[in-house]
Structure formats: structure tokens, C-alpha cells
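In case you want the letters, here they are:
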Amino acid sequence: MRKEILALVTSAVALVTLAARAQVGAIDPNRPHTEQDYDHEHPPSLRYGAAGEQEKKQKYTCSMHPEVVMDHPGNCPKCGMKLVPLKQNKRRISNSDKSRAGAQRPTSNSEHMMHHGDDMAMPHRDHGGHEMHMEMHSTVDLADPMNREGSGTSWLPDSSPMYGRMFMFEDNMLMLHGAIFPRYTNVSTRRGDDRIDAPNWIMGMYSHPLGDTAQFGARLMMSLDPLTEGGRGYPLLFQSGESWHDQPLHDRQHPHDLFDELSMSLSQKFDHDLSAYLYFGYPGEPALGPPTFMHRPSAMDDPDAPLGHHWQDSTHVTFGVATAGLQWRSLKIEGSIFTGREPDENRYDFDRPRFDSFSGRISWNPTQNLALQFSHGYIKSPETLEPDLKRHRTTASVIYNLPLGHDSNWSNTFAWGQNHDTSEGKTQSFLVESNYQRGRDTVYLRWERVEKSGHELVLDPPDESRIFPVSGYTLGYVRDVSHGNGLDAGLGTQFTINGRPDRLDRYYGDDLGYAFEFFLRIRPSLHGHGAHDMDGHVAGVEK
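Bear in mind the structure is a predicted one, so any value in this text is a computation, not a measurement.

Rules of the game
Residues numbered from 1 in each chain as written. Predicted model: local features only at pLDDT ≥ 70, side-chain atom pairs only at ≥ 80, totals over all residues. Heavy atoms only, no water. Phe/Tyr/Trp six-rings, centres within 6.5 Å; stacked < 30°, edge-to-face > 60°. Helix = DSSP H or I, 4+ residues; strand = E, 2+ residues; numbered from the N terminus. Buried < 20%, exposed > 50% of the residue type's maximum accessible area, 1.4 Å probe, protein only. Lys NZ or Arg CZ within 6 Å of the ring centre and 35° of its normal. Core = buried A, V, L, I, M, F, W, Y, C linked by side-chain atoms within 4.5 Å. Contact = heavy atoms within 4.5 Å. Pairing = 2+ DSSP bridges. Polar contact = N/O pair within 3.5 Å; in protein donor to acceptor, adjacent residues only side chain to side chain. Patch = residues over 30% accessible without salt bridge, like charges linked within 9 Å, V, L, I, M, F, W, Y side chains within 5 Å. Areas by Shrake-Rupley, 256 points an atom, 1.4 Å probe, with all protein chains shown as cover. Salt bridge = Lys/Arg side-chain N within 4 Å of Asp/Glu carboxyl O.

**Here we look at the packing of aromatic side chains**
Right, so step 1: For the structure on display, the rule yields eleven aromatic pairs.
Right, so step 2: Between Y282 and F319, the aromatic rings sit 5.9 Å apart at their centres with planes inclined by 80 degrees, giving edge-to-face as the arrangement. Here Y282, found in the loop between strand 15 (274–281) and helix 6 (309–312), pairs with F319, found in the loop between helix 6 and strand 16 (321–328); they are 37 residues apart in sequence, far enough to count as distant.
Right, so step 3: Under the relative-accessibility criterion, Y282 is labelled partly exposed at 31%.
Right, so step 4: Each member of the aromatic cluster is reached from another via a ring pair, and the members are F259, Y282, F319 and F350.
Right, so step 5: Positioned above the aromatic ring of W155 is the side chain of R148, whose terminal nitrogen or guanidinium carbon lies 4.7 Å from the ring centre.
Right, so step 6: Positioned above the aromatic ring of Y163 is the side chain of R523, whose terminal nitrogen or guanidinium carbon lies 4.0 Å from the ring centre.

Pasting the structure below:
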């Protein structure tokens with residue numbers, strides 16, 4: 001019976017992959033459509049009149065990918081957004097330049113966008129009614145496009161979709177995003193449970209320019225998990241980590257704290273290719289592991305945390321983090337000092353900062369669709385119940401995102417994490433995620449294999465020192481009933497099969513381990529979805 005079900009899951013994975021491949025040939029997102037392409041296709045004899053003046057031919061661009069410039073309306077070949085007109089605008093004039101402003105020619109949006117390369121951009125109007133130019137940078141590093149920004153200081157692929165609502169206040173940017181999953185979940189076996197709950201989080205990101213080459217950023221992330229999940233969290237077979245009432249949690253995912261991130265950053269751009277930043281969080285996320293699961297496009301529709309969470313990205317809520325990073329082109333190296341202790345059972349307070357642990361990470365985005373990272377960290381005393389524990393964690397991940405045209409995207413993650421504990425030695429975790437979205441429909445999957453000790457699973461003393469490989473196979477589907485109008489609300493369901501060694505049957509029973517759930521997924525729409533023009537308003541952006 002177990003083999004038949006696994007075969008069905010494998011078949012579903014193959015169908016999703018084939019569906020995605022069918023779309024790849026339609027678009028080559030790596031081919032830049034720039035003014036150089038336009039110039040090559042249109043020789044000067046067609047672009048200029050007898051007097052040498054350029055014809056007033058309307059050009060079109062994408063508000064999310066300003067390097068795309070075309071001579072006709074349509075959809076962006078990278079993200080599928082509707083192209084908007086490029087218009088001549090008056091250059092922003094500083095006080096020092098006012099005396100010679102009359103001698104300077106106006107700068108077009110296209111010239112300004114080409115100068116900034118990959119930075120996302122959009123115009124807005126100043127108080128005089130003139131169009132001004134506003135780049136959409138990461139709140140952590142001025143040199144990064146916003147789509148690259150993951151959790152903490154981690155990177156996503158530059159082509160990643162961004163779900164949120166943006167507000168512009170002159171030079172200040174505020175982005176709001178989050179998600180909530182009201183649901184019913186049912187987990188089998190003797191250690192399973194069923195309940196109604198609602199995992200959730202909300203986040204605000206703010207940035208303010210400090211001149212042309214520096215930026216201040218701030219972020220706030222909160223969760224009402226302490227109310228919706230309670231102290232024990234929600235049922236999740238083979239999950240482990242943290243405690244409740246001074247007892248280790250097992251087969252449950254712990255709730256997140258009320259405050260999950262309260263951070264600020266300062267970044268400086270030295271030239272076109274070189275930048276640096278400082279990041280401080282209380283709480284925050286050190287430079288260790290891939291982007292946290294709820295911030296990965298490949299996992300954003302799955303309400304559950306991965307079983308390997310405490311092998312890969314569990315440090316995303318750390319009370320006391322300081323990170324410094326140096327970026328050259330698409331390569332970044334960064335290091336952190338941080339508090340090794342995980343959050344305590346009081347989910348409403350701010351834990352004592354210790355700054356007793358450290359980590360380093362190398363990130364590389366070789367193309368706009370790829371994000372690679374390798375990291376290592378020393379974590380001192382992560383568990384309250386085991387104060388003498390010392391952990392060395394090593395992780396590596398590959399995230400691949402492929403826009404498939406208008407309102408369609410395919411995102412994938414492979415992640416590996418290893419914990420080397422003083423008492424248990426080395427244990428490994430592997431994860432593969434995939435999320436295929438087309439219009440209102442989304443299909444996603446997750447496969448995991450994690451080595452967990454009997455101590456981690458809270459087994460009897462004879463089995464405490466043994467290592468047990470456990471696994472999970474999840475397939476889910478979401479259908480949006482509200483889509484692209486500012487708020488996406490989708491009805492979803494998912495089914496999970498869990499594998500375990502026979503020796504665990506004495507704890508979990510002889511029946512197949514499985515879980516199913518029905519949920520409502522609510523989140524902001526894709527940023528820029530449904531944009532019509534750039535004259536005064538871009539969908540998802542308000543002044």
C-alpha cells in the first residue's frame with residue numbers, strides 16, 4: 001500500500017514538471033530586451049529625421065524589470081506584467097544645481113533606468129506634477145534589486161515573484177506583506193493529532209536613501225502564532241525542536257514569537273559593482289542557511305514548516321544579531337555574531353542577547369533565475385533544556401525560479417543541512433520543494449529526508465542514542481477565489497505521507513503515517529499585478 005501511494009506522488013511530480021516544461025519554450029527570460037536591442041533592430045536612418053532629431057516614438061517598459069524596453073505594448077517577457085509607457089521626465093535638481101539647471105537637458109526614464117542596470121524602478125510625481133524616478137532597492141543593501149531580498153540578509157533569485165503592497169512617501173518606501181492559513185489539519189498515528197488553527201505572519205520593510213550612494217533600512221516581522229497555535233504549536237509528524245512546560249516538543253511545530261524580526265541596516269554603494277552593509281536585529285536572522293521557509297517562493301503556499309527546519313533555517317528568530325557583508329557584482333560574503341539560544345517558552349517577550357555564536361555565508365546569483373548559498377555556523381547552547389550543547393551547522397542550497405509568462409511562475413529549492421552536535425555526532429537533512437503557479441491555480445510539492453536521534457524524537461532510553469531516518473512526501477493544490485485585485489484568497493488542500501524505520505512502530509503504531517489538511521490561504525497579490533500604466537499610479541504602489 002505504501003509503495004502504491006509513493007508511486008502516485010511520483011506521478012504527480014512528473015506531471016507538474018511536464019506542465020512547467022511546456023511553458024519554458026515560450027519565453028527566454030535570460031534574454032535582455034534593452035535599448036541596445038532596439039537600436040540594433042532599428043538603424044539610425046529609421047530613428048532620426050533629416051535634421052538629426054530622434055523621432056518621438058513611444059517606447060514601453062516593465063515597472064519591475066526596467067531593463068526591458070520595447071517599441072510596442074505587450075507583456076514583460078520576464079514576469080508577465082503589462083508593459084507601461086516610457087515618458088520623458090524632468091531631472092531631479094538639487095539646490096547646488098539650481099543655478100545651472102537651465103543648461104542641463106532633461107533626462108528620460110530610459111536613460112536613468114539603463115544607468116542603474118538591474119535595479120527595479122518606477123516613476124512617481126513630485127509636488128510640481130513632474131515625473132520623478134524611484135528605484136526599488138532591497139532594504140538591506142542599496143545595490144540589490146528588491147526581488148533578491150529574502151529573509152534576514154539572504155538572497156532569492158532576481159526573478160522571484162514578490163507578493164506585497166508598496167507605499168511611497170517621497171523618497172521613503174514601505175512594503176507590507178504576510179500570510180495567514182486558517183485550516184483544519186489531521187495527523188495520523190498514535191502520536192498524531194487533529195485541530196483547527198491558523199499559522200500566520202506579517203511583515204513591514206522600510207527604506208530611506210541617504211544621498212545617492214547610501215541607504216537606511218528597517219524591518220518588522222510579527223506573528224500571532226502564540227494566540228492561534230498556543231504554547232504546544234501544531235501537529236506535524238516527526239517534527240522536533242524547542243520546548244513547552246520544560247518538556248521537549250516532538251511531533252509538533254513550535255509557535256513563533258510575537259516579534260520575529262526587529263532590525264535595521266545601513267548600506268553603502270562604493271561604485272557600480274561594489275557595496276557593503278551592516279545589519280542589526282533584535283530579534284533578527286544571522287548569515288546562516290537558506291532563506292527561511294515562509295519567505296521562499298517554493299514554500300509560500302505550504303502552511304507547514306519543513307521537518308529539517310532545525311537543520312537548515314531555524315535561526316531566523318534570534319534575539320541579538322550583528323551582520324556585516326561585502327558584495328561584488330553577484331557575489332556576496334558576510335559574517336555574523338549572534339545569540340545561539342533559541343527563543344524561550346514565553347513567546348511575547350524579548351530574550352536576553354548573548355552574542356556567543358558566529359557564522360559565515362557565501363551567496364552567489366550567477367543568473368537572474370538562480371540563487372546559491374553555502375554557510376557554516378557555531379551555535380552555542382541552542383536548547384534551553386540542554387545548556388551544555390554545542391552545535392556546528394553547515395548548509396547549502398540552490399533556489400531556481402523561472403517566470404513562465406503572464407501570471408505564471410515555477411520556483412524550486414534544494415536545501416541540505418548538517419548538524420554536528422557534541423553528544424550525537426553528525427546528522428543530515430535534505431529537502432526538495434517545487435511550486436508551479438499558473439493564474440488562479442497552484443500545485444506544490446515537498447520531499448524531505450532527515451536523520452533524527454531518539455533523543456530528538458523523545459523516545460525511551462534504549463533508543464535515545466539511535467539515529468532514525470524519517471521522511472515526508474507532500475503534494476498540495478490551491479485555487480484562488482480572489483486573485484490579482486490586491487488580496488489573493490485561495491482554497492487549498494494538501495496530503496502528506498511520512499516514512500519511518502520499522503523500529504519506530506512501537507511508538508507510532510503499525511499504520512501508515514499520513515496527514516491531510518484543508519485551508520484558506522490569504523496574502524497580498526503579486527506586486528504590480530494588473531498594472532495599466534505608469535502615469536501617476538502603478539498597481540500595488542500608492543502615494
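**What to know about the nonpolar core**
Right, so step 1: In this structure, M146, M166, M175, F238, L504 and Y508 are the most contacted members of the largest nonpolar core, which totals 35 residues.
Right, so step 2: Listed by contribution, the elements that provide at least two residues to this core are strand 6 (165–169), strand 7 (172–180), strand 10 (200–209), strand 12 (234–244), strand 23 (441–453), strand 24 (467–482), helix 7 (505–508) and strand 26 (513–524).
Right, so step 3: It is strand 12 that provides the largest number of residues to this core, a total of four residues.
Right, so step 4: Setting aside residues no more than four positions away along its own chain, L504 makes contact with F238, L457, L459, F468 and V470.
Right, so step 5: One finds V140, Y277, V321 and F338 within the second-largest nonpolar core, a separate group that totals seven residues.

**Re the environment of L326**
Right, so step 1: If you trace the backbone, L326 turns up in strand 16.
Right, so step 2: On a C-alpha basis, the gap between L326 and S275 in space is 6.1 Å, while along the polypeptide they are 51 residues apart.
Right, so step 3: Excluding residues that lie within four positions of it along the chain, L326 makes contacts with L274, S275, A276, L331, K332 and I333.

**Side note on the sheet that holds strand 2 (residues 69–70)**
Right, so step 1: Judged by pairing direction, the sheet is antiparallel, and its three strands sit side by side in the order 2-1-3 without closing on themselves. The open sheet has two edge strands, strand 2 and strand 3 (84–85), and neither has a second partner.
Right, so step 2: Where strand 1 (residues 60–61) and strand 3 come together, two bridges link them in antiparallel fashion. Across the sheet, the residue bridging to T61 is V84, located in strand 3.

**Notes on the side chain of Q494**
Right, so step 1: Mapped onto the elements, Q494 comes out in strand 25 (residues 487–499).
Right, so step 2: A relative accessible area of 3% places Q494 in the buried class.
Right, so step 3: Only 3.2 Å separates the side chain of Q494 from the side chain of D304, close enough to count as a polar contact.
Right, so step 4: A polar contact is formed between the side chain of Q494 and the side chain of Y444, at a distance of 2.6 Å.
Right, so step 5: Beyond its immediate sequence surroundings of up to four residues, Q494 is in contact with D302, P303, D304, Y444, T474, L475, G476, A515, F516, E517 and F519.

**A word on a nonpolar patch on the surface**
Right, so step 1: Residues F270, L326, W328, L331, I333, I362 and W364 make up a contiguous nonpolar surface patch of roughly 720 Å² in combined accessible area.
Right, so step 2: In this structure, F270 sits in the loop between strand 14 (259–269) and strand 15.
Right, so step 3: Of the residues examined, F270 reaches a relative accessible area of 52% and is grouped as exposed.

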